[in-house]
Amino acid sequence: MNQWGGLLHEFAQWLDLRGVGDIVTLHEGNTPLLHAERLSERLGADVWLKLEGLNPTGSFKDRGMTMAITKAKAAGATTVICGSTGNTSAAAAAFAGKAGMGCVVLVPEGKIALGKLAQAIVYGADVVQIRGNFDRALNLARELTQHLPITIVNSINPDRIEGQKTGAFELIRTLGDAPDILSIPVGNAGNITAYWRGFTQWHFEGLAATLPKMWGFQAAGAAPIVLGHRVDEPETIATAIRIGNPASWVPALEAVDESHGAIRAVTDAELLDAYKFLAKNESVFCEPASAASVAGLIKYGVPKGSRVVCVLTGNGLKDPDTAVSTTATPTVVDATLEALLARLS
Ligand SMILES: *Cc1c(COP(=O)(O)O)cnc(C)c1O
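Scoring rules and cut-offs
Residue positions are counted from 1 within each chain, in the order its sequence is given. For a predicted model such as this one, the threshold for reporting local features is a pLDDT of at least 70, and the threshold for listing and counting side-chain atom pairs is 80 or more; totals across whole chains, interfaces and linings nevertheless cover every residue. To obtain the side-chain values, all non-hydrogen atoms of the structure were used and water was disregarded. Helix and strand definitions here come from DSSP, where helices need a minimum of 4 consecutive H or I residues and strands a minimum of 2 consecutive E residues; each element is numbered from the N-terminal end. Only the C-alpha atoms count toward the radius of gyration. The rule for a globule is 2.2 Å times the residue count to the power 0.38. Whether a residue is buried, partly exposed or exposed follows from its accessible area with a 1.4 Å probe, protein chains only, as a fraction of its type maximum: under 20%, in between, or over 50%, in that order. The contact rule is simple, with two residues in contact once any of their heavy atoms fall within 4.5 Å. Note on areas: these come from Shrake-Rupley sampling with a 1.4 Å probe, and a residue is covered only by the protein chains present in the view. Definition used for salt bridges: Asp or Glu carboxyl oxygen within 4 Å of a side-chain nitrogen of Lys or Arg. Centres within 6.5 Å make a pair out of two Phe, Tyr or Trp rings, where for Trp the six-membered ring is used; the pair is then stacked when the planes are under 30 degrees apart, edge-to-face when over 60, and tilted otherwise. In this scheme, the term charge over a ring applies when either NZ of a lysine or CZ of an arginine sits within 6 Å of the ring centre and within 35 degrees of the ring normal. Between N or O atoms, a polar contact is any pair within 3.5 Å; within protein, one atom must be a potential hydrogen donor and the other a potential acceptor, and residues adjacent in sequence are included only when both atoms are from side chains. Two distance rules govern patches: like charges are joined within 9 Å, and nonpolar side chains (Val, Leu, Ile, Met, Phe, Trp, Tyr) within 5 Å, applied only to residues with over 30% relative accessible area and no salt bridge. Throughout, an axis means a line fitted to C-alpha atoms (over the contacting stretch in the case of helices), and angles, computed between N-to-C directions, take values from 0 to 180 degrees. Roughly parallel refers to an angle under 35 degrees, roughly antiparallel to one over 145, roughly perpendicular to one between 65 and 115, and oblique to any angle outside these ranges. What makes a crossing left-handed is the near helix being turned counterclockwise from the far one by less than a right angle; a clockwise turn instead makes it right-handed. Throughout this description, the term nonpolar core refers to a set of buried Ala, Val, Leu, Ile, Met, Phe, Trp, Tyr and Cys residues connected via side-chain atoms within 4.5 Å. Domain extents, as shown, originate in an automatic or database domain assignment. Put simply, buried area is how much 1.4 Å-probe accessible surface two parts lose in total, over both of them, once they are put together.

1. Digging into the overall build of the chain
Tallying secondary structure elements over the chain gives 15 helices and ten strands in all. In terms of C-alpha radius of gyration, the chain reaches 20 Å, essentially the compact-globule figure of 20 Å for 345 residues. The principal-axis extents of the C-alpha atoms in the chain amount to approximately 65 × 50 × 45 Å. The burial tally for the chain puts 58% of its 345 residues in the buried class. If you take every contact in the chain between residues at least 6 apart in sequence, the share linking residues at least 24 apart comes to 71%. Carbon and sulfur atoms make up 54% of the accessible area of the chain, which totals about 14,700 Å².

In structure tokens:
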């Protein structure tokens, strides 16, 4: 049987799995890389979309979580914790459940998308809403590990970044080399760090001839890396990147410097335009945060003819409120043929 068995089986050779017994997997990864015809035409480039929303819990966080939970289990942990803007909690809850471990999730009250909260609860996590933002939730999760026998699975856990680098491996495999540009939303900056690690690792091992430029995009109201200082009250409709003090700030800047890339900002309006463009023209329904990677290309442009991959980090179904509140409500007519004919002619 040669079935896809998840990232750790597939890429074991390039991951540190010493001491690991059972692998905890939901067969994450192996996500589609879709060619974006209309976006390519609009930008005069060759644009591809990495559909990370098709992972088992609907975001790329599953890549890091299979690794983090597998390693935590091997180390004898029985409970994990995370502070989360939503997707980390959904992934942590699912993989901890699969491993038979407990999971505590700290989320900012009222500031996470409905679908993500629903996931964490239904997967069986102990969800605690705090009266504070994500940055506070992460600090508290860290502090709790000093007081309780509990393992943190935020991206400050190095196993998360390790698992997430496999996204770069998949791109190289599918395209035959790295793209010219990797465009990616930036929140805590773990994913841009992870992709760069994956690209450089395979480049140095001779599996990719080139390295991409890393282009990261933050939401304008939550753009600490762009501004060069912490943002105490980050604000954006893209809750997954509503972060004022990124945990992987330094390695993200290194990735950008070494690759001759950039981290820039897009406004919520630009982000929502890209979100709708993708759904309407490419039939890809991603999260608002994910659309930052496309909004940035539209806003700043790309060198003609270059090959670009946008990482679409999460599934649009996670945030139905944004979808419904930013689009027109469908009209209501009487349940008669006449009324429908009138409406549709
Ligand atoms: C976590 C997340 C991000 C941001 O990734 P970082 O590693 O925190 O920079 C972007 N989009 C979605 C959908 C996410 O869940």
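2. What about the pattern of salt bridges?
What the rule picks out here adds up to twelve salt bridges. With its nearest N and O atoms 2.8 Å apart, the salt bridge here joins R173 to E10. Note that R173 is positioned in helix α8 (residues 166–175) and E10 in helix α1 (residues 7–10), a separation of 163 residues in sequence. Given the relative accessible area of 43%, R173 is considered partly exposed. A salt bridge links E162 to R197, with the nearest nitrogen and oxygen atoms 2.6 Å apart. Placement of the pair is E162 in helix α7 (residues 158–164) and R197 in helix α9 (residues 190–204), with a sequence separation of 35 residues. The network of salt bridges with common partners includes K50, E52, R63 and E170.

3. As for the packing of aromatic side chains
The full count for this structure, using the stated rule, is ten aromatic pairs. Here W4 and F11 contribute two aromatic rings whose centre-to-centre distance is 6.5 Å and whose plane-to-plane angle is 70°, an arrangement assigned as edge-to-face. Across this residue pair, the class does not change: W4 and F11 are buried. Here the aromatic rings of Y275 and F285 are separated by 6.1 Å at their centres, their planes lie at 55°, and the arrangement is tilted. With Y275 in helix α12 (residues 268–282) and F285 in the loop between α12 and α13 (292–300), the pair connects residues that are ten residues apart, well separated along the chain. Three or more aromatic residues joined by ring pairs make a cluster, and in this case those are W4, F11, W14, F169 and W202. Sitting above the plane of the W215 ring, R264 keeps its charged end 4.7 Å from the centroid. We note R264 situated over the ring of Y300; from NZ or CZ to the ring centre the distance is 4.5 Å.

4. What about the side chain of Q218?
Considering the arrangement of structural elements, one finds Q218 in strand β8 (residues 213–219). According to the relative accessible area criterion, Q218 is buried, its value standing at 0%. A distance of 3.3 Å separates the side chain of Q218 from the backbone nitrogen of V226, its partner in a polar contact. The residues contacting Q218, other than those within four sequence positions of it, are V186, G187, A223, P224, I225, V226, P246, I263, R264, A265 and V266.

5. With respect to a nonpolar patch on the surface
On the surface, a cluster of nonpolar side chains totalling about 280 Å² of accessible area is made up of V333, L340 and L344. Turning to its location among the elements, L340 is positioned in helix α15 (residues 337–344). Relative accessible area serves as the criterion here: at 42%, L340 is assigned to the partly exposed category.

6. Description of the packing of helix α3 (residues 61–74) against helix α4 (residues 87–99)
Two numbers describe how α3 lies on α4: the axes approach to 9 Å, and their chain directions differ by 40°. Of the possible angle classes, the one that applies to α3 and α4 is oblique. In this structure, the crossing between α3 and α4 has a hand that is right-handed. Residues K61, D62, M65, T66, I69 and K73 of α3 form the contact with α4, whose participating residues are N87, T88, A91, A92, F95, A96 and A99.

7. So, the nonpolar core
Among the nonpolar cores identified, the biggest contains 36 residues, and F11, L182, I192, Y195 and F199 are the most heavily contacted of them. Of all the secondary structure elements, the ones that give two or more residues to this core are α1, α8, β7 (181–185), α9, α11 (249–259) and β10 (307–312). Sequence-distant contacts of F11, that is, excluding residues within four places in its chain, are made with W4, T166, F169, E170, R173 and W202. Membership of the second largest hydrophobic core comes to 34 residues, among which are F217, C286, A289 and V294.

8. Remarks on the domain arrangement of the chain
Here the chain is partitioned into domain 1 (6–59 + 159–318) and domain 2 (61–157). Here the C-alpha centre of domain 2 lies 21 Å away from the C-alpha centre of domain 1. With 46 residues of domain 1 in contact, the opposing surface of domain 2 contributes 38 residues. Taken together, both faces of the contact between domain 1 and domain 2 bury some 3,400 Å²; the carbon and sulfur share is 52%.

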